[in-house]
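These are the residues of each chain, in order.
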Amino acid sequence: MIIEPRMRGFICLTAHPKGCEQNVINQINYVKSKGPIDGPKKVLVIGASTGFGLASRITSAFGSDAATVGVFFEKPPAPGKTASPGWYNSAAFENQALKAGLYAKSINGDAFSDEVKQKTLDLIEKDLGQIDLVIYSLASPKRMHPKTGVLHSSVLKPIGEDIFTNKTVDFHTGVVSEISIVPANEEEIENTIAVMGGEDWEMWMDALKSRGLLATGAKTVAYSYIGPSVTEAVYRKGTIGRAKDHLEATAFTINDKLKDIDGRAFVSVNKALVTQASSAIPVIPLYISLLYKVMKEKGIHEGCIEQMERLFTERLYTGHEPKTDEQGRIRIDDWEMRSDVQDKVFTLWAEATDETLPLIGDLPGYKKDFLNLFGFDMAGVDYQKEVDEMVEIPGLV
Ligand code: NAI
Ligand code: NA
């Protein structure tokens, strides 16, 4: 079929298999161009199909020749209906890994469930024995709790007395408007922590350790975000920020539990980037479009793959303990948070309107990255050509 983007709000309902493949190949080529990494050899990536998780998987496999197991939750294709992009990304990744002689298997299902954990552990035991790196990169709006059966839904709201009001942009139309968000109640805060906090990460690590599937010196890393003052009320000091506080605290709990095998648990604070997860957060797209403009002008812009390659080579696998901030977090958002970058973005923020944004912001860059997530607007792909939507993931278990 001929596949075109079909937008609904901040999601795209279609995905292009060839474009997704090209996106994965570009990331592989980037990692290869940076040379070999003396990194992990057997890696589990939870949330492996898009964004930072996919980039972590690619960096492990094509930087460090690692065998990888990927867990994700993606929609398979049906005749006449495309798969979700993470499905096509994973198919492309596995085909490239196979070609390179690298082990790669995947599990498509709910990572929060006992069943998917069990299946993943059985696979690791059978095929790999022990793993030396676990990447935790889930971004989900909901979590069915495996013990209570309660379905928790997260919200993106401020906390406290005050209604949050600030600017946001509809990145499809370029219209800048004010949005107001009413603060969350206690239950919404608890639910957001249940979805995006650290409980599930700890469950994964407990399960892996109790089955003896973690190698001596194994590392685990989960991803967090801090960001600027303009998004603070709705992000870091809002409901999602509470969940990130919990995730970051969980790193210390897991770290203690891994002491006897010399294991380490880290949180890495990453840069703001266009992903399916971040496009859904109010205010963030406007911030990102200004940030991209400033960072590109300064020659320090990075995408997910550049971030993960730097995380591996300059933080996690340097031969010595990674430098952390006073809260024990690895910072790979260091360039985003540079004061010259933040000061500039802050000034532009005040100036941003429908009229000024095309000049002061990088909306075209935002839109392109957004389309690229779904395999559209990729250089080198012929979108007039018929493609088969029924792509299989070779190592799906
Ligand atoms: P993403 O939306 O690109 O990736 C989410 C991944 O989780 C996908 O592989 C998806 O299949 C998987 N997933 C979602 N629900 C699942 C479930 N129930 N079971 C199994 N897999 C499931 O998101 P992104 O942006 O890469 O986020 C990953 C982490 O990075 C999150 O913790 C996010 O907060 C963090 N982060 C994101 C930043 C950004 O600007 N995008 C910045 C800093 C941190
Ligand atoms: Na991810």
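About the cut-offs
Residues numbered from 1 in each chain as written. Chains lettered and ligands numbered in written order. Predicted model: local features only at pLDDT ≥ 70, side-chain atom pairs only at ≥ 80, totals over all residues. Heavy atoms only, no water. Axes fitted to C-alpha atoms, helices over the stretch in contact; angles between N-to-C directions. Helix = DSSP H or I, 4+ residues; strand = E, 2+ residues; numbered from the N terminus. Left-handed = near helix turned anticlockwise from the far one by under 90°. Contact = heavy atoms within 4.5 Å. Nonpolar A, V, L, I, M, F, W, Y, C, P; charged D, E, K, R; others polar. Buried < 20%, exposed > 50% of the residue type's maximum accessible area, 1.4 Å probe, protein only. Core = buried A, V, L, I, M, F, W, Y, C linked by side-chain atoms within 4.5 Å. Donors = N, O, S within 2.8 Å, 3.2 Å for Na, K, Ca; no water. Near = heavy atom within 4 Å. Polar contact = N/O pair within 3.5 Å; in protein donor to acceptor, adjacent residues only side chain to side chain. Areas by Shrake-Rupley, 256 points an atom, 1.4 Å probe, with all protein chains shown as cover. UniProt positions renumbered as here; feature names shortened; annotations may be inferred.

**Q** Talk me through the packing of helix α4 (residues 114–127) against helix α6 (residues 199–210); I want residue IDs and the actual numbers.
**A** Remark: α4 packs on α6, axes separated minimally by 11 Å, with the N-to-C direction vectors making an angle of 40 degrees. Crossing of α4 over α6 shows right-handed handedness. Contact residues: α4 offers Val116, Lys117, Thr120, Leu121 and Ile124, while α6 offers Asp200, Met203, Trp204, Ala207 and Leu208. Its residues assigned to classes, the contact of α4 with α6 shows 7 nonpolar, 1 polar and 2 charged.

**Q** A description of the side chain of Ser49 should follow, citing residues and the corresponding values.
**A** The residue Ser49 is located in the loop between β3 (42–46) and α2 (51–64) in this model. Under the relative-accessibility criterion, Ser49 is labelled buried at 4%.

**Q** Give a description of the nonpolar core that names residues and reports values.
**A** Ile58, Phe62, Tyr287 and Leu357 are the most contacted members of the largest nonpolar core, which has 88 residues in total. In this structure, Leu357 is in contact with Val169, Gly174, Val176, Leu286, Ser289, Leu290, Ala352 and Leu363, ignoring residues within four places of it in sequence. Counting 33 residues, the second largest nonpolar core, distinct from the first, contains Ala67, Val116, Val134 and Leu138.

**Q** Requested: an account of the coordination of the sodium ion (ligand 2), with residues and values cited.
**A** Protein coordination at the sodium ion (ligand 2): the donors are Gly47 (O), Thr50 (O), Gly53 (N), Ser137 (O) and Ser137 (OG), at 2.8 to 3.1 Å from the metal. Donor residues binding the sodium ion (ligand 2) come from one chain and are separated in sequence as G-x2-T-x2-G-x83-S. Assessed through its relative accessible area of 25%, Thr50 is described here as partly exposed. According to the relative accessible area criterion, Gly53 is buried, its value standing at 0%.

**Q** I'd like a rundown of the site of ligand 1, residues and numbers included.
**A** Close to ligand 1 lie 29 residues; Ser49, Thr50, Ala111, Lys244 and Thr275 are nearest. At 3.4 Å from an oxygen atom of ligand 1 is found a main-chain nitrogen or oxygen belonging to Gly51. Here an oxygen atom of ligand 1 and a backbone polar atom of Phe52 are 2.9 Å apart. With the chains in place, 92% of the 840 Å² that ligand 1 exposes on its own is no longer accessible.

**Q** Describe in detail the UniProt feature "domain: Trans-2-enoyl-CoA reductase-like NAD(P)H binding" (unreviewed entry) in the protein, supporting the description with residues and values.
**A** Per the UniProt annotation, the sites labelled "domain: Trans-2-enoyl-CoA reductase-like NAD(P)H binding" (unreviewed entry) are residues 2–77. The span residues 2–77 carries 41% helix and 20% strand; its end-to-end C-alpha distance comes to 14 Å.

**Q** Account for the environment of Val176, with residues named and values stated.
**A** In this structure, Val176 sits in strand β10 (residues 175–181). In this structure the C-alpha to C-alpha distance between Val176 and Asp354, which are 178 residues apart in sequence, comes to 5.2 Å. With sequence-adjacent residues up to four places away left out, Val176 is seen in contact with Lys167, Thr168, Val169, Ala352, Thr353, Asp354 and Leu357.

**Q** Break down the environment of Lys147 for me, citing the residues and quoting the values.
**A** Considering the arrangement of structural elements, one finds Lys147 in the loop between β7 (142–144) and β8 (151–153). Distance in space between the C-alpha atoms of Lys147 and Ala251 is 22 Å, their sequence separation being 104 residues. Leaving out residues up to four positions away in the same chain, Lys147 has contacts with Asp114 and Met203. Reaching out from Lys147, the side chain makes a polar contact with the side chain of Asp114 at a distance of 3.1 Å.

**Q** So what's going on with the side chain of Glu188? Residues and values would help.
**A** Counting through the fold element by element, Glu188 comes out in helix α5 (residues 186–196). Ignoring sequence-local partners within four residues, the contact set of Glu188 consists of Val155, Lys157 and Pro183.

**Q** Break down unusual backbone geometry for me, with residues and values.
**A** Positive phi, close to 55 degrees, is recorded for Asp65, a residue that is not glycine. Residue placement: Asp65 occurs in the loop between α2 and β4 (67–72). Judged by relative accessible area, Asp65 falls into the exposed class, the value being 56%.

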